[in-house]
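The primary structure of each chain is shown beneath.
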Amino acid sequence: MVEIELDGRKVEVQEGSMVMHAADKAGTYIPHFCYHKKLSIAANCRMCLVDIEKAPKPMPACATPVTQGMIVRTKSDKALKAQSSVMEFLLINHPLDCPICDQGGECQLQDLAVGYGKSASRYEEEKRVVLHKDVGPLISMEEMSRCIHCTRCVRFGQEVAGVMELGMIHRGEHSEITTVAGDTVDSELSGNMIDICPVGALTSKPFRYSARTWELSRRKSVSPHDSTGANLIVQVKNHQVMRVVPLENEAVNECWIADRDRFSYEALNTDERLTAPMIKHDGQWRTVDWNTALEYVANGLKSIQSEHGAASIGALATAHSTVEELYLLGQLVRGVGSDNIDHRLRHAEFDTVEKARWLGTSIESLSTLDRAFVIGSFLRKDHPLFAQRLRQAAKHGAQVSSLHALADDWLMPISTQFTAAPSAWVAALAGVAAAVASHTGAAAPVAAEASEPAKAIAASLLSGQRKAVLLGNAAVQHPQASRLLALAQFIAEQTGATFGVLGEAANSVGAQLVGAQPRSGGLNAGQMLSQPLKAYLLLNAEPVLDAADGRQAADTLARAGMVVSLSAFRNANLEHADVLLPITPFTETSGSFVNAEGRVQGFHGVVRPRGDARPAWKVLRVLGSMLGLPGFGFETSEEVKAQALGDVSAALASRLGNASRASVAIAADRPTLERVADVPIYAGDAIVRRAPSLQATADARAPRAGLPTALWQRLGLVEGGQVHVQQGSASLRLAAYHDATLAPTAVRVPAGHAATAALGAMFGEIAVEKA
C-alpha cells in the first residue's frame, strides 16, 4: 500500500494505482470524460488535470501513478485553471444544441460546463461539422459533431465486447469516430456504448426524441431473458416503459447489459399485446370478460378430467416465467390429479434429477478463472454477459477451451477448439476424460481414445488453480445430455474444477426448484408434444417456436381437445389455441427469478397492466380457486414465493446440485449429415421475437443453412446459393453459406424461428441438396 495526501487528507491505496483511484477511494470527485473504471486508461480528454506538488505542470489524475508521500491538490487554483482551460477547448467545436439533445439532463459535458466552463466563448470561428452515420437500428450516430473524442466507445468494443466496430480516423480537429467501412454495429453488447458516451454523440435510436430524462421515473427490475439475471433500471413515463438501462451489480452484470435486455421493452408497447380474454367460437375469435373466460377454462378442465382422466391434462411453460407463476401452474395441474408439467421444451432427453442444475460457481468468479472448458454452447449469443466475463479472464491469461460442432467466434483467444458433430460429443468428451484419467490414475468412466485436442484440453484443465467445466444450452438440450453431464462431472472432479450448466433462461434454476417438471410418472415436454392430450395449458410458451421439434409440436396441438394460452401477446399460439388469457410481462407484475448461480432476485411491476391483462400468478390463483383446489388463497406474490421456495437464505444452497448417475456408453459413428441448431439471440423468447428494433438487426436476419467445406464443394455452391434441407418428410429451401469451421458431417440450421419451425428436431439426421 502507498500513502498519499489528497486535498489535505491521508489516503492509502494499492501500489500501482492512479491518482484517480485514490480520489475514488477518498470520495473526492475529479472531473473526467475519457476515464471509466471498466476500461483501459487513455488520458486523452485531459479534464482530470490536478496539481501535484513538485510536478512542473498539472498532471492527468487517471494516468498518474501514486508514489509514497505524493501531495495532490484537486481544488487548487492551478488545478481549477487547468480544468477550466481544457473545458474551453472541448467546447470550441461542440454545438450549442443542448435543448434538442437526447443527452440533455444526464450529460457529463453539460454538468461539467456549468462547473468549469465560462459564461461566453472567446471563439467566433465556424464550428466543424461531422456528417452523421447510419450504424444500424439500435445506436444513433446522427449528431457526431457532439463527439469529444474520449474514445470510450472504441475501447469498450476492443476490451469488453471483443470486437472493434468503431475507431478514430484523421488527426487534430479533423478526428472522428466511425465504423471506417460504413458497416453497422452488430455486437450483442453494443447498447452499452450509449451508456458510457459522456455526451450526446451516441444515443438510443429506439428512444430518440420520445421523452426527456427528467420526465422519467426510474424503477428497479430484473431481465427475463438469459440466465444472468441482469439488474435493470426501467424508465417510465405515463405508465409506459420508455427506456431500459443497467443497474450496476458487480456480482451479476457489473455495469453492462446485453442489447436484448436493453431494447426488448419495445415489444411491450406494440399493438401485438393481448389486452382482453378471447375465446374461439365456431372458428372466430371473440372478446369476453375474465369471468366468462375463466369459467370456460375451469369447466373444460373439469369435463376433461371426469371424461378422460386427469392424465389427459398437461401444462407447458417456459423458464422465462417467474417462480410464482411456475409454482402455481404446478400446483394447479397437480391439484386436478395430473403430473404432466414441464418447462424443458427444447430438451431431447429428460432424465430425473434430484437437485436443480446450476452454474456450479458464482457468476463473478467467471472473470477470474485460470481455465475454462465450455461444452456445446453458442456462448456469445446464448449468454452475452457470461461470454464477456470469460473474455476478461482470457485477457488476463486464462485458457478457454471448447467442444462444439463448429469453431464459433467468441471474440476471445481460445486455447483449444475441439470440433465434432453432435452425435460424436460423448465420444469426444470421453476422450478428454480418458486423457485426464491417464494423468490422475483414476478409472475412466468409459474406454475411449484420446485425440490430440482431447489431450490438450486435459492438459489445460490439469494446470491452473481456478477452473470450471461448463455445459451450454446445446449440451443440455442434446439427446445424450445425461452422458455429457456425467463425463463433465468426472473431468471436473479429477481436475479440481467446478462444473455446472450455463442455464437456458432467466428462471431455469427456479423452474427446477419449484417442480415445474414431472415428479412421479408424469409426461415430460417431449412426450406431451408427441402424443396429443385433451387439454394443454401454455404459460408464456409458443411450442411451435420454443419446442425442440416445432413441426411435431404444431401437429400435436392441432389434435388437442382444448388449448389455453396464457401470454402477453395475441398472436402467440393463435392457430392452435381455443382460449387466450392476457397475462402481464415482467414490467407489469411482481415476481422473482433464480439465475444461473442460484441467486433469487425479486422485482415489482413498474407500470400498470395494459388493458385487462392480469399477472399470471393471479390468473392461476383464481383458476385454482374456481376448480375448488386447496392452497390457492394467496394475497401477494411474496406469499407465493415464500410457499414455493421456503427460507431462501437457509435452504436454497442444499437444493442445488449437478451430480449425474448416468452410465456412459459411446454410440457408433454416424457418417450421415446431422443438424446442429442454434437459437438466434433475438428468437429465444416471446418478448425479443416481437421487439421491432431487435428484429431489424443483423442477428435477426432470415435463417440460413451453414455447410461444411466438403459438402459446400461437393454441391458446387457459390456465395448466395440456395439449398433444399430435408428432415424426415419435411423440406425447406434456405439460403446457404460456407462455414469452414463446421465438423465435416454437421449442418447448421437455426431453430426457434418461424422460417425453420416446420423442419424438425434440433438434433438428428438431415439431408441437403442444391436448389
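Just so you know, these numbers come straight off a predicted model, no measurement behind them.

Thoughts on the overall build of the protein chain
Within the protein chain, the secondary structure is distributed over 23 helices and 34 strands. Against the compact-globule benchmark of 28 Å for 771 residues, the protein chain has a radius of gyration of 28 Å, which places it among compact chains. Along the longest, intermediate and shortest principal axes, the C-alpha atoms of the protein chain span 90 × 65 × 60 Å. Within the protein chain, the fraction of its 771 residues that count as buried is 61%. Within the protein chain, contacts between residues separated by at least 24 positions form 72% of all contacts whose residues are at least 6 apart in sequence. Accessible surface computed for the protein chain: about 29,800 Å², of which carbon and sulfur atoms make up 50%. Computing the positive centroid from 74 side-chain charges and the negative centroid from 80, the protein chain places the two 2 Å apart.

Examining unusual backbone geometry
Although it is not a glycine, asparagine 238 sits at a positive phi angle of roughly 50 degrees. Judged by relative accessible area, asparagine 238 falls into the exposed class, the value being 66%.

What about the pattern of salt bridges?
Tallied over the full model, the rule gives 36 salt bridges. Residue lysine 38 is joined to glutamate 250 by a salt bridge in which the shortest nitrogen-to-oxygen separation is 2.4 Å. Note that lysine 38 is positioned in the loop between helix H1 (19–26) and strand S3 (49–52) and glutamate 250 in the loop between strand S13 (240–246) and helix H6 (259–263), a separation of 212 residues in sequence. Between glutamate 452 and lysine 455 there is a salt bridge whose closest N-O contact spans 3.7 Å. Here lysine 455 and glutamate 452 lie together in helix H12 (residues 452–461), a separation of 3 residues that amounts to about one turn. Judged by relative accessible area, which is 42%, lysine 455 ranks as partly exposed. Salt bridges here are not isolated pairs; linked through shared partners, they connect Glu272, Arg346, Glu504, Glu542, Asp546, Arg689 and Arg690.

Here we look at the sheet that holds strand S22 (residues 498–501)
Strand-to-strand pairing in sheets goes through backbone hydrogen bonds, with the strands running parallel or antiparallel. In spatial order, the strands read S20-S19-S18-S21-S22; together these 5 strands make up an open sheet with parallel pairing. The sheet is open, and its two borders are formed by strand S20 (416–419) and S22, each paired with just one other strand. Here the average twist between neighbouring strands, direction ignored, is 10 degrees. Both strand S18 (residues 371–375) and strand S21 (residues 467–471) contribute to a ladder of 5 bridges, which runs parallel. Bridging across to S21, alanine 372 finds its partner in alanine 468.

Focus on the pairing of strand S30 (residues 722–727)
Judged by which residues are buried, S30 turns out to be one-sided: Val723, Val725 and Gln727 face inward and are buried, whereas Gln722, His724 and Gln726, on the alternate face, are not. Taken together, S30 and the strand that follows it, strand S31 (residues 730–738), pair antiparallel across an intervening segment of 2 residues, in which glycine 728 is found at a positive phi of about 60 degrees. The pairing of S30 with strand S34 (residues 767–770) spans 4 bridges and is classified as antiparallel. Its bridge partner lying in S34, glutamine 726 is registered against alanine 767.

Describing the sheet that holds strand S4 (residues 59–60)
Across the sheet, which stays open at both edges, the 5 strands sit in the order S2-S1-S5-S3-S4 with mixed pairing between neighbours. Each edge of the open sheet carries a strand with a single partner, namely strand S2 (9–13) and S4. Taken together, the 2 bridges between S3 and S4 define a ladder with antiparallel strand orientation. Following the sheet pairing, valine 50 is matched in S4 by methionine 59.

Section: the UniProt feature "domain: 4Fe-4S Mo/W bis-MGD-type" (unreviewed entry) in the protein chain
Per the UniProt record, "domain: 4Fe-4S Mo/W bis-MGD-type" (unreviewed entry) is annotated on residues 216–272. Along residues 216–272, the helical share is 9% and the strand share 35%, with 24 Å between the first and last C-alpha atoms.

Observations regarding the packing of helix H8 (residues 323–335) against helix H19 (residues 616–626)
Direction vectors running N to C along H8 and H19 enclose 20 degrees, while the axes themselves pass 8 Å from each other. Classified by the interaxial angle, the pair formed by H8 and H19 is roughly parallel. Here H8 and H19 pass one another in a crossing that is left-handed. Of H19, the residues touching H8 (which contributes Glu324, Glu325, Leu328, Leu329 and Leu332) are Ala616, Trp617, Leu620, Arg621, Leu623 and Gly624.

Quick look at the nonpolar core
Formed by 75 residues in total, the largest nonpolar core has its most connected members in Phe33, Met47, Ile139, Phe156, Leu166 and Leu202. Contributions of two or more residues to this core are made by helix H2 (77–90), helix H3 (108–116), strand S7 (139–141), helix H4 (152–161), helix H5 (192–196), strand S12 (231–237) and S13. The residues touching phenylalanine 33, leaving out its near neighbours within four places in the chain, are Cys45, Met47, Met87, Leu90, Gln108, Leu109, Leu112, Ile148, Cys150, Arg152 and Pro198. Grouped together as the second largest cluster of nonpolar side chains are 54 residues, Leu294, Leu326, Phe634 and Val640 included.

Here we look at the environment of aspartate 370
Assignment of secondary structure puts aspartate 370 in the loop between strand S17 (341–342) and S18. Apart from residues lying up to four places away in sequence, aspartate 370 is in contact with Ala398, Gln399, Gly464, Gln465 and Arg466. Within the structure, aspartate 370 has its side chain in polar contact with the backbone nitrogen of glutamine 465 (distance 3.1 Å).

Thoughts on the domain arrangement of the protein chain
Considered domain by domain, the protein chain is made up of domain 1 (1–92), domain 2 (278–351 + 518–654), domain 3 (363–502) and domain 4 (674–770). The distance between the C-alpha centroids of domain 2 and domain 4 comes to 30 Å. Summed over both sides, the interface between domain 2 and domain 4 buries roughly 1,400 Å², with carbon and sulfur atoms accounting for 55% of that surface. Among the residues domain 2 hides against domain 4, the three largest losses belong to Arg346, Leu545 and Arg551. Together they make up 41% of the total. The interface formed by domain 2 and domain 4 contains 3 salt bridges. Here domain 2 and domain 4 share 7 residue pairs in polar contact (both at pLDDT 80 or more) between them. Taken together, the elements giving at least two residues each to the side of domain 2 that touches domain 4 come down to helix H17 (543–546) and helix H18 (550–558).

Things to note about the side chain of asparagine 192
Along the polypeptide, asparagine 192 turns up in helix H5. In this structure the side chain of asparagine 192 is engaged in a polar contact, spanning 2.8 Å, whose partner is the backbone oxygen of isoleucine 257. Leave out the neighbours within four places in its chain, and asparagine 192 touches Phe156, Cys255, Trp256, Ile257 and Arg262.

Re H3
Taken as a whole, H3 has its buried residues at Leu109, Leu112 and Tyr116. For H3, the arc enclosing every buried residue in end-on projection is 70 degrees, short of the 170-degree limit, so these residues lie on one face. The inward-facing, buried residues of H3 contact H2.

A few points about the packing of H2 against H3
Remark: H2 packs on H3, axes separated minimally by 10 Å, with the N-to-C direction vectors making an angle of 130 degrees. Relative to H3, the element H2 lies oblique. Regarding H2 and H3, the two cross each other, and that crossing is left-handed. Contact with H2, carried on its side by Leu80, Gln83, Ser84 and Met87, involves Leu109, Leu112, Ala113 and Tyr116 of H3 and no other residues of that element.

Details of H8
The end-to-end C-alpha distance of H8 is 18 Å, a good match for the 18 Å that 13 residues give at a rise of 1.5 Å each. Most of H8 sits inside the fold, with 11 of its 13 residues counted as buried. Three or more residues of H8 are buried, namely Val323, Glu324, Glu325, Leu326, Tyr327, Leu328, Leu329, Gly330, Leu332, Val333 and Arg334. Glycine 337 lies just past H8 and shows a positive phi near 105 degrees.

Conventions adopted
Residues numbered from 1 in each chain as written. Predicted model: local features only at pLDDT ≥ 70, side-chain atom pairs only at ≥ 80, totals over all residues. Heavy atoms only, no water. Helix = DSSP H or I, 4+ residues; strand = E, 2+ residues; numbered from the N terminus. Rg over C-alpha atoms; globule rule 2.2 N^0.38 Å. Buried < 20%, exposed > 50% of the residue type's maximum accessible area, 1.4 Å probe, protein only. Contact = heavy atoms within 4.5 Å. Areas by Shrake-Rupley, 256 points an atom, 1.4 Å probe, with all protein chains shown as cover. Lys, Arg positive; Asp, Glu negative; His and termini not counted. Charge placed at Lys NZ, Arg CZ, Asp CG, Glu CD. Salt bridge = Lys/Arg side-chain N within 4 Å of Asp/Glu carboxyl O. Pairing = 2+ DSSP bridges. Axes fitted to C-alpha atoms, helices over the stretch in contact; angles between N-to-C directions. UniProt positions renumbered as here; feature names shortened; annotations may be inferred. Parallel < 35°, antiparallel > 145°, perpendicular 65-115°, else oblique. Left-handed = near helix turned anticlockwise from the far one by under 90°. Core = buried A, V, L, I, M, F, W, Y, C linked by side-chain atoms within 4.5 Å. Polar contact = N/O pair within 3.5 Å; in protein donor to acceptor, adjacent residues only side chain to side chain. Domains from an automatic or database assignment. Buried area = accessible area lost by both parts, 1.4 Å probe. Arc of directions from axis to C-beta. Expected span 1.5 Å × (residues − 1).

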